[in-house]
There are 2 protein chains.
Amino acid sequence: MKATIMYGAGDVRVETVADPVIQQPTDAIVRTVRTCVCGSDLHPYHSMGASEHGQSMGHELLGVVEELGSAVTQVKKGDLVIAPFAFADNTCPICKDGFQTACPHGGFYATPETAGLQAELARIPLADGSLVVVPGVTEKDEELLPSLLTLSDVYLTGYHAAHMARIQPGQTVTVVGDGAVGLSAVLAAKQLGAERIILMGRHKDRTDLGVEWGATDVVAERGEEGIQKVLDLTGGFGSHVVLEAVGLMPAYEQSHRVARTGGVISRVGVPQYEKAGVGFMSLFGRNLTLTGGPAPVRAYIEESIPLVLDGTITPGKVFDRTYTIDDVPAAYADMDARSTLKALVTI
Amino acid sequence: MKATIMYGAGDVRVETVADPVIQQPTDAIVRTVRTCVCGSDLHPYHSMGASEHGQSMGHELLGVVEELGSAVTQVKKGDLVIAPFAFADNTCPICKDGFQTACPHGGFYATPETAGLQAELARIPLADGSLVVVPGVTEKDEELLPSLLTLSDVYLTGYHAAHMARIQPGQTVTVVGDGAVGLSAVLAAKQLGAERIILMGRHKDRTDLGVEWGATDVVAERGEEGIQKVLDLTGGFGSHVVLEAVGLMPAYEQSHRVARTGGVISRVGVPQYEKAGVGFMSLFGRNLTLTGGPAPVRAYIEESIPLVLDGTITPGKVFDRTYTIDDVPAAYADMDARSTLKALVTI
């Protein structure tokens, strides 16, 4: 099969590798129908050291079940399935709490142990817990496929930010970042009843989609100017909720500066820092709450599928360009150059 | 009147000063019935530089209204009143949100602008917002007075930690710190329905009160040993909620180490640090929520008074020794030496 291998910063290749095989009775083999490139794939694309063997890539997948281990009971051959970006048993206490990304028996794709999903076939560990069947839909329902694929990561990562912030109807929500996750957070905030949604981003083609999805204000200014603009828009009080979809320190600082006293900062941008201000001058003094983390999208997929199927939400609009598997290296380059917001890959 | 003045580290004096007078039409003058010494008063007791004029001290008060400014309408002469440790208008949007400690028109006692409350008389700014009448009780109901006084700060600071953590019935709650606020947090966690309450503290006379108030386990070990003990007590998962009532960095680190994935750390110990770990290795990777701040006790007083009056809670048990106003310097010294948990001052 063809698979995507990264050999170092900027060096992505599509190569023919051995087809995956069932390794554990709980595994499934899935034929990929749609996959995509994630903003987080760009981190190694920028920084990975040269590797002789390379690292297979990808963690988002919509596919059709091809083969099942002997212990798998919840999916069957031919099912159209969504694979969340982390695999999990979905039965342990941590999964039952709704934090499947921390399942002690689970793990991540594109690691030395488990191949990435930007490939024609995938081995899915713990298939009963890790695959969600899309009922009544086949791979021929092409218009639905992009939005269904977003439930494997990007839309539900934005949703997780909004969910952890416990957005209440009528609240003001500021979204920091106009990447695919930030825009998804706008859509999720709207779904949860936010009255005013301020999108901080400076790429008009992207913020336009944010406005379509419910952003009531766009703040293109950055730094102090951007902070002041949000404060001005909120009568000087700041935003009840801030959804941070960037992961860099300036975004963290901006977030607590624009939050209303007693408000919530919810992060889904993977922090590229370990320490940050949390004391009297940043979080504590104004009773700010900091929340968020890796999105346990598995917890939200079932409830989201009907919203996609009935057209309530169309999160697949984040995909602005489609590539073949052979063109995945170009997809990385285009996303890196910001000429593509999010690359859909059709297998 | 007599008032408590701190002239530097370890130098507390009770002196005769001018009686306070109405300065604004919204002021009230209150005759102190009970006041007390706060753990936070020990910070300047340790570190204050020598001051020629000194600084008046204290921010907790139960008293009787003596005199009213012309604009005060909600309290009347002779009312027994509780003064929350911060004054606030209680009408602005931030107060309506329940965060009166951040009222833009409010402020704090024991500052250059507003005298402290360890004194025979006090000027209370914004009296309509800042004083809460205790209905049907007089200063002669002596057995009720200590618990009513705790509603000005200590009990409701512990309660704030529990409230911000949104404790759900059946949850496991770990309290870090066996000072008066930590013990109050135990009582509040019990009130909110925590099933298991693990108190981390090593002063048996204090943790005994914690057990009386609902702690099901006491962990006297500190550091790695203490962390492991909490993990062992929780089946390796950690605690749904951690209430941090210390404010030092080791307590912060201990808190995130004993928190369950997806759990909440709620701080009311004023952080003696500004930066701390919040990245993938501390908070983010396990979806931990960090919350808390200065307790807006004003928001909780009315609902707490009936619980004190009917004996549901007796938070006044944190006071283990009573002093006269003349003995306040000894109260500081005894609390500093940990021979007194919390000093009640009878005026």
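Residues numbered from 1 in each chain as written. Chains lettered and ligands numbered in written order. Predicted model: local features only at pLDDT ≥ 70, side-chain atom pairs only at ≥ 80, totals over all residues. Heavy atoms only, no water.

- You'll find chain A entered in an unreviewed UniProt entry as Alcohol dehydrogenase catalytic domain-containing protein, with Microbacterium gawkjiense given as the organism.
- In its Cofactor (unreviewed entry) section, UniProt records this for chain A: "Zn(2+)". (UniProt positions renumbered as here; feature names shortened; annotations may be inferred.)

**Here we look at the relation of the copies chain A and chain B**
Next, step 1: After a rotation of 180 degrees and a shift along the axis of 0.0 Å, chain A superposes on chain B with an RMSD of 0.0 Å. Taken together, the rotation angle and the small translation identify this as a two-fold axis. The rotation axis passes nearest to the C-alpha of A:Leu290 in chain A, at a distance of 2.5 Å.
Next, step 2: Looking at chain A, 100% of its interface residues are interface residues in chain B too, so the copies touch through the same face. (Least-squares fit on C-alpha atoms with pLDDT ≥ 70 in both. Contact = heavy atoms within 4.5 Å.)

**Here's the deal with the interface of chain A and chain B**
Next, step 1: With 40 residues of chain A at the interface, the matching set in chain B holds 41 residues.
Next, step 2: The largest per-residue losses of area from chain A upon contact with chain B belong to A:Glu274, A:Phe284 and A:Asn287, which jointly make up 21% of the total buried on that side.
Next, step 3: If you look at where chain A meets chain B, you find 2 salt bridges.
Next, step 4: In this structure, the salt-bridge partner of A:Asp97 is B:Arg260, at a minimum N-O distance of 2.6 Å.
Next, step 5: One can count 24 residue pairs in polar contact (both at pLDDT 80 or more) joining chain A with chain B.
Next, step 6: Per-class residue counts for the side of chain A that touches chain B are 20 nonpolar, 14 polar and 6 charged.
Next, step 7: In this sheet, strand S16 (residues 275–277) of chain B lies alongside strand S16 (residues 275–277) of chain A in antiparallel orientation, the contact comprising 3 bridges. From the neighbouring strand, A:Gly277 faces S16(B), where its bridge partner is B:Lys275. (Buried area = accessible area lost by both parts, 1.4 Å probe. Salt bridge = Lys/Arg side-chain N within 4 Å of Asp/Glu carboxyl O. Polar contact = N/O pair within 3.5 Å; in protein donor to acceptor, adjacent residues only side chain to side chain. Nonpolar A, V, L, I, M, F, W, Y, C, P; charged D, E, K, R; others polar. Pairing = 2+ DSSP bridges. Helix = DSSP H or I, 4+ residues; strand = E, 2+ residues; numbered from the N terminus.)

**Observations concerning the UniProt feature "domain: Alcohol dehydrogenase-like C-terminal" (unreviewed entry) in chain A**
Next, step 1: Per the UniProt record, the feature "domain: Alcohol dehydrogenase-like C-terminal" (unreviewed entry) sits at residues 180–293 of chain A.
Next, step 2: Between the end C-alpha atoms of residues 180–293 of chain A there is a gap of 17 Å, over a span that is 37% helix and 26% strand.

**A few points about the sheet that holds strand S1 (residues 2–8) of chain A**
Residue and element names in this part refer to chain A.
Next, step 1: Spatial strand order, S2-S1-S4: 3 strands in an open sheet with antiparallel pairing. In the strand order of this sheet, the two ends are held by strand S2 (11–16) and strand S4 (55–56), each with one partner.
Next, step 2: Each of S1 and S2 touches helix H11 (residues 328–336); the most contacted strand, S2, lies at about 160 degrees to it. (Axes fitted to C-alpha atoms, helices over the stretch in contact; angles between N-to-C directions.)

**Points about the domain arrangement of chain A**
Residue and element names in this part refer to chain A.
Next, step 1: The domain boundaries assigned to chain A delineate domain 1 (2–153 + 296–346) and domain 2 (158–292).
Next, step 2: For domain 1 and domain 2, the distance between their C-alpha centroids amounts to 27 Å.
Next, step 3: Contacts between domain 1 and domain 2 engage 16 residues on the former and 17 residues on the latter.
Next, step 4: Summed over both partners, the interface of domain 1 with domain 2 comes to about 1,300 Å²; 63% of that surface belongs to carbon and sulfur atoms.
Next, step 5: On the domain 1 side of the contact with domain 2, Tyr300, Arg338 and Leu341 bury the most area, a combined 39% of that side's loss.
Next, step 6: Here domain 1 is connected to domain 2 by 1 salt bridge.
Next, step 7: We note a salt bridge from Lys317 to Glu212, for which the minimum N-O separation is 2.3 Å.
Next, step 8: At the boundary of domain 1 with domain 2, the tally comes to 3 residue pairs in polar contact (both at pLDDT 80 or more).
Next, step 9: Among the residues making up the side of domain 1 that touches domain 2, the classes are represented as 8 nonpolar, 4 polar and 4 charged. (Domains from an automatic or database assignment.)

**Brief notes about the side chain of A:Thr174**
Residue and element names in this part refer to chain A.
Next, step 1: With respect to the helices, strands and loops of the structure, Thr174 is situated in strand S11 (residues 172–176).
Next, step 2: For Thr174, a relative accessible area of 0% gives the class buried.
Next, step 3: If near-sequence neighbours (up to four positions away) are discounted, Thr174 is found in contact with Ile198, Met200, Val230, Ser239, Val241, Val242, Leu243 and Val258. (Buried < 20%, exposed > 50% of the residue type's maximum accessible area, 1.4 Å probe, protein only.)

**Remarks on the UniProt feature "domain: Alcohol dehydrogenase-like N-terminal" (unreviewed entry) in chain A**
Next, step 1: UniProt records the feature "domain: Alcohol dehydrogenase-like N-terminal" (unreviewed entry) for residues 25–126 of chain A in the present numbering.
Next, step 2: When the span residues 25–126 of chain A is considered, its composition is 10% helix and 30% strand, and the gap between its end C-alpha atoms is 9 Å.

**Points about the sheet that holds strand S1 (residues 2–8) of chain B**
Across a sheet, paired strands are connected by hydrogen bonds in the backbone, their directions being either parallel or antiparallel.
All names here are of chain B.
Next, step 1: What the 3 strands build is an open sheet, ordered S2-S1-S4; its pairing is antiparallel. This sheet does not close on itself; its edge strands, each paired only once, are strand S2 (11–16) and strand S4 (55–56).
Next, step 2: In this structure, S1 lies alongside S4, joined through 2 bridges in antiparallel fashion. Residue pairing in the sheet places Ile5 in a bridge with Ser56 of S4.
Next, step 3: Set on the sheet, helix H11 (residues 328–336) makes contact with S1 and S2; between it and S2 the angle comes to about 160 degrees.

**Section: empty space enclosed by the protein**
Residue and element names in this part refer to chain A.
Next, step 1: Throughout the structure, instances matching the rule amount to 1 cavity of 30 Å³ or more.
Next, step 2: In this structure, the largest cavity spans a volume of roughly 40 Å³.
Next, step 3: Every residue along the wall of the largest cavity is listed here: Pro84, Phe85, Ala86, Ala88, Gln100, Thr101, Ala295, Pro296, Val297 and Arg298.
Next, step 4: For the lining of the largest cavity, the per-class residue count stands at 7 nonpolar, 2 polar and 1 charged. (1 Å grid on protein atoms, 1.4 Å probe; cavity = no way out; pocket = protein on both sides within 12 Å on 5 of 7 lines; lining within 4 Å. Points joined across faces, edges and corners; volume = space filled by probe spheres on them.)

**A closer look at the environment of B:Glu212**
Residues and elements named next belong to chain B.
Next, step 1: Summarising the element assignment, Glu212 is placed in helix H7 (residues 204–212).
Next, step 2: Sequence spacing of Glu212 and Val186 is 26 residues, and the spatial spacing of their C-alpha atoms is 9.7 Å.
Next, step 3: Polar side-chain contacts of Glu212 include one of 2.3 Å to the side chain of Lys317.

**Re the pattern of salt bridges**
Next, step 1: This model, assessed by the stated rule, comprises 32 salt bridges over all chains.
Next, step 2: One network of salt bridges, in which partners are shared, links A:Arg31, A:Glu66 and A:Glu139.

**Focus on a nonpolar patch on the surface**
Next, step 1: Taken together, the side chains of A:Val270, B:Phe280 and B:Met281 make up a nonpolar region of the molecular surface, amounting to roughly 320 Å² of accessible area.
Next, step 2: Mapped onto the elements, B:Met281 comes out in the loop between S16 and strand S17 (289–292).
Next, step 3: Overall, B:Met281 belongs to the exposed group, its relative accessible area being 70%. (Patch = residues over 30% accessible without salt bridge, like charges linked within 9 Å, V, L, I, M, F, W, Y side chains within 5 Å. Areas by Shrake-Rupley, 256 points an atom, 1.4 Å probe, with all protein chains shown as cover.)

**As for unusual backbone geometry**
All names here are of chain B.
Next, step 1: Of note, Asn287 is a non-glycine position whose phi angle comes to about 55 degrees, a positive value.
Next, step 2: With respect to the helices and strands, Asn287 occurs in the loop between S16 and S17.
Next, step 3: With phi around 65 degrees, Arg338 is a residue other than glycine that occupies positive phi space.
Next, step 4: Examined against the element boundaries, Arg338 turns out to sit in the loop between H11 and strand S19 (343–346).
Next, step 5: By relative accessible area, Arg338 is classed as partly exposed at 49%.

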